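Okay, here's what each chain looks like letter by letter:
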Amino acid sequence: MNVSDFNFDLPEELIAQDPLEDRSASRLLVLDKNTGEIEHKGFRDITSYLKKGDCLVINDTKVIPARLFGVKEDTEAKIEVLLLKRKEHDIWETLVKPGKKAKPGTVISFGDGLLKGTVVDVVEEGNRLIQFSYEGIFEEILDQLGQMPLPPYITHQLKDKNRYQTVYAKHDGSAAAPTAGLHFTKELLQQIEEMGVTIAHVTLHVGLGTFRPVKVDDILDHHMHSEFYIVEEEEAKKINETKKAGGRVICVGTTSCRTLESATGDDGILKAGSGWTEIFIYPGYQFKILDALITNFHLPESTLVMLVSALAGREHVLNAYQEAIKERYRFFSFGDAMFIH
């Protein structure tokens, strides 16, 4: 299977640069994964496709303002640091620009010394391990100094940082938002619960590898980045009970989907626990627990287009994307949504 099998031409003006004023005012393309049939709806119409006994699985990770701008202490040279993974003892794996200025021993000052970072090591792919020192609470300093690490196709900073968070974001740790969840308002979630739909939470901290292009021709040669996930006992129980009673498990976003598929055994039972996942889902994959998916429109040739193609078939997905382009849907993080059932 070649990467080029998942390519499509997207007019640049369809890449949404800003979120809509009202989260749930997005459009919704509904795709039947078996027949390829397409319907055009509004996101609030999602309630017509959910029914009592279903379980909606949401990823409650919270994006941290992980982009920091600082200067090298000795030369005042500007340097940009992106926090990727928290290690222990205030050490983070980071992406540094320009990397050649960040040799081990380099001290970087942020916010006039409010936060300082010392480069302690170089890791694979040119990332750096940086140990931070500060007074007070790291998260509060980050909130003060950091910017949201928006995807490379978004050309400007947001006026309101919270618009790159879901309304149910809870656990700090992501370098990118689980964007399918951005369409939900608290009111809409309440309405869904009142219909008798169970809402289960999982956590997967989204890494920037989610935007990393597939650089090999044969997709089987692509190595997925690893991401940390947590499935609590109580939430696993909700999902397993739904399945046992004949209800559908509907994931909000590819991140919830990857979490569930990573933590489910071949017996179809979801196991509580935490760990790192490098699961790569592409056509031919047999889903163990997921029945349906709410997702955004993804980048051409991305692992995410491959994942949705595994669920609904490549032809159906690419046909739906052509239809979305024709109908001028908005694409990517701040764009419209798709329901595959």
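Above this text is the structure in question.
This section reports on the structure supplied with the text. Keep in mind the model is a prediction, meaning the values are calculated, not measured.

Turning our attention to the overall build of the protein chain. Scanning the protein chain from N- to C-terminus turns up seven helices and 17 strands. Whereas a compact globule of 341 residues would reach a radius of gyration of roughly 20 Å, the protein chain reaches 20 Å, a difference of no more than 12%. Along the first, second and third principal axes, the C-alpha atoms of the protein chain reach 65 × 45 × 40 Å. Relative to its full complement of 341 residues, the protein chain shows a buried share of 54%.

Here we come to the side chain of Asn-240. Relative to the helices and strands, Asn-240 resides in helix α4 (residues 233–244). On the accessibility criterion, Asn-240 (19% relative accessible area) is buried.

Bringing empty space enclosed by the protein into the picture now. Summed over the entire model, instances satisfying the criterion amount to one cavity of 30 Å³ or more. Of the volumes computed, that of the largest cavity is approximately 80 Å³. Lining the largest cavity are Pro-19, Leu-20, Arg-23, Ser-26, Arg-163, Leu-182, His-183, Arg-330, Ser-333, Phe-334 and Gly-335. Its residues assigned to classes, the lining of the largest cavity comprises four nonpolar, four polar and three charged.

What counts and how
- Residues numbered from 1 in each chain as written.
- Predicted model: local features only at pLDDT ≥ 70, side-chain atom pairs only at ≥ 80, totals over all residues.
- Heavy atoms only, no water.
- Helix = DSSP H or I, 4+ residues; strand = E, 2+ residues; numbered from the N terminus.
- Rg over C-alpha atoms; globule rule 2.2 N^0.38 Å.
- Buried < 20%, exposed > 50% of the residue type's maximum accessible area, 1.4 Å probe, protein only.
- 1 Å grid on protein atoms, 1.4 Å probe; cavity = no way out; pocket = protein on both sides within 12 Å on 5 of 7 lines; lining within 4 Å.
- Points joined across faces, edges and corners; volume = space filled by probe spheres on them.
- Nonpolar A, V, L, I, M, F, W, Y, C, P; charged D, E, K, R; others polar.

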